[in-house]
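Structural overview for review
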Amino acid sequence: MTDSSRLDEALAAAPAAVSGAATLAELDAVEKALLGDTSAIGEARRSMGSLDPADRPRVGAQLNTATKEIQGLLASRLSELEAQDEDRRLQDERIDVTLESITLQSGSLHLLQQTMNDIVDIFVSLGYQVATGPEAELAWYNFDALNTPPTHPSRLESDTMYLDFGDPADEVLLRTHTSPVQARWMEANDPPVYIVVPGKTYRLDTVDATHLPVFHQIEGLAVDENITFSDLKGTLAHWAREFFGPKTKVRFRPHFFPFTEPSAELDVSCFACDGGEPTCRVCKGAGWLEMMGCGVVDPNVLEAVGYDPAEVSGFAFGMGVERPAMVRHGINSIRHFVDNDLRFLRQF
Ligand code: PHE
């Protein structure tokens, strides 16, 4: 019988057709082709009426078995395709919660700021307060109140940057040291005074490996009853050992500053060679490193700010920040501090 052989053929081809369906839509089409009206099974069902009644139950049973078999194949392929579909969606819509978040690189303080903080911390731990003052300063505070007469060479335009030049009483300049804050503080506060003053300072220096026209200083001032030069020595020796290490020695060389008497320059023993190395890259064989100016506050300065030199005395010092930072870290040019080269800055 042709119909039954068409049915056999359809049944034989069904497993391959069903498993060949790669998507749900394709499976739909395969289902129509196998079970729809125009399929072998569909046609066989329609022609049942024309069959000999005696054959009908047998053919009907055959058709039912074939239909169930095909439906079984379709159902298992359907669940396979649905599972694949779900897998693909899970894959596509996957959120990787382990993905690293974008980390912003955090910067660090500039080495000069770190050095200032280190120095200031040493004095703060001795009980000093931190004071600040203006960078654009009156000549009065920068010079006159500090016992520096109008004829002093540091007041020349070749040394000092003036913002308003002329009548000495009203001259405005970029402060050449942090010492004017001494005068400002004493004018505004009664003794005792224990302050450190970190800040920017300006001088008309030509740029080279050790000079910049803008640099930093830290001023120190102690005024109290019975302050002597020994207090100055003890305090600065303590600073040197804290900053450069416990073996550091200090040396005071006589010097002159208009606002202190006696005055000295403080050298510290070279921390790299301890003074014994003629080829030392830090002190170049000198054994000592020049660190700061200091001295006992001149009575004229105390008087200029309204203190009574018969009642109180004091000492003061002023150190650069660039130099200790350079010697401590082996930096060979001061220009590195302002070049903004990240390869330099990232090292600290
Ligand atoms: N102001 C001086 C300078 O800049 C340093 C100094 C400060 C010296 C305080 C003595 C006392 O060179």
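We now turn to the structure provided with this report. (Residues numbered from 1 in each chain as written. Predicted model: local features only at pLDDT ≥ 70, side-chain atom pairs only at ≥ 80, totals over all residues. Heavy atoms only, no water.)

**Overview of the pattern of salt bridges**
Under the counting rule described, the total for this entry stands at eleven salt bridges. As a salt-bridge pair, Arg184 and Glu137 come within 2.7 Å of each other at their nearest N and O atoms. Here Arg184 is found in helix 7 (residues 180-188), whereas its partner Glu137 is found in strand 2 (residues 136-138), with 47 residues between them in sequence. Under the relative-accessibility criterion, Glu137 is labelled buried at 1%. Note that Asp267 is salt-bridged to Arg251, the shortest N-O span being 2.9 Å. Within this pair, whereas Asp267 is found in strand 8 (residues 260-269), its partner Arg251 is found in strand 7 (residues 250-257), the two being separated by 16 residues in sequence. On the basis of relative accessible area, Asp267 is assigned to the buried category, the value being 2%. What emerges from the salt-bridge pattern is a single network uniting Arg251, Arg253, Glu265, Asp267 and Glu290. (Salt bridge = Lys/Arg side-chain N within 4 Å of Asp/Glu carboxyl O. Helix = DSSP H or I, 4+ residues; strand = E, 2+ residues; numbered from the N terminus. Buried < 20%, exposed > 50% of the residue type's maximum accessible area, 1.4 Å probe, protein only.)

**Observations concerning the environment of Leu345**
Mapping Leu345 onto the fold places it in helix 12 (residues 342-345). Between the C-alpha atoms of Leu345 and Thr228, which are 117 residues apart in sequence, the distance is 41 Å. For Leu345, the contacting residues outside a window of four places in its chain are His110 and Asn340. (Contact = heavy atoms within 4.5 Å.)

**Let's talk about the packing of aromatic side chains**
For the structure shown, the criterion picks out 13 aromatic pairs. Ring geometry for Tyr162 versus Phe165: centroids 4.7 Å apart, planes at 65°, classification edge-to-face. The class for Phe165 is partly exposed, based on a relative accessible area of 47%. When the ring of Trp239 is compared with that of Phe244, the centres are 6.0 Å apart and the planes differ by 80°; the resulting orientation is edge-to-face. Residue Trp239 is classed as buried on the basis of its relative accessible area of 0%. Of the residues examined, Phe244 reaches a relative accessible area of 12% and is grouped as buried. Within the aromatic cluster, the residues linked to one another by ring pairs are Phe123, Tyr128, Tyr194, Phe315 and Phe317. Directly above the ring of Tyr141 sits Arg184, whose terminal nitrogen or CZ lies 4.2 Å from the centroid. (Phe/Tyr/Trp six-rings, centres within 6.5 Å; stacked < 30°, edge-to-face > 60°. Lys NZ or Arg CZ within 6 Å of the ring centre and 35° of its normal.)

**Focus: helix 10 (residues 322-329)**
Among the residues of helix 10, those classed as buried are Glu322, Pro324, Ala325, Met326 and Val327. The inward-facing, buried residues of helix 10 abut helix 5 (111-124), strand 6 (214-224), helix 8 (229-244), strand 9 (288-297), strand 10 (313-320) and helix 11 (336-339). Following helix 10 by one or two positions, Gly330 adopts a phi angle in the positive range, close to 65°.

**Some thoughts on the pairing of strand 5 (residues 193-202)**
Where a strand is regular, its side chains alternate between the two sheet faces. Burial runs high along strand 5: eight of the ten residues are buried. Note that strand 1 (residues 129-130) and strand 5 share two bridges and pair parallel. Looking across to strand 5, one finds that Gln129 is bridged to Ile195. Here ten bridges tie strand 5 to strand 6, and the two strands are oriented antiparallel to one another. By the bridge assignment for strand 6, Pro198 is matched with Ile218. (Pairing = 2+ DSSP bridges.)

**Description of the packing of helix 2 (residues 24-35) against helix 4 (residues 56-92)**
The N-to-C vectors of helix 2 and helix 4 enclose an angle of 175°; their axes lie 10 Å apart at closest approach. Viewed along their axes, helix 2 and helix 4 adopt a mutual orientation that is roughly antiparallel. Taken together, the residues of helix 4 that come into contact with helix 2 (itself represented by Leu24, Leu27, Val30, Glu31, Leu34 and Leu35) are Thr67, Ile70, Gln71, Leu74, Arg77, Leu78, Leu81, Glu82 and Asp85. (Axes fitted to C-alpha atoms, helices over the stretch in contact; angles between N-to-C directions. Parallel < 35°, antiparallel > 145°, perpendicular 65-115°, else oblique.)

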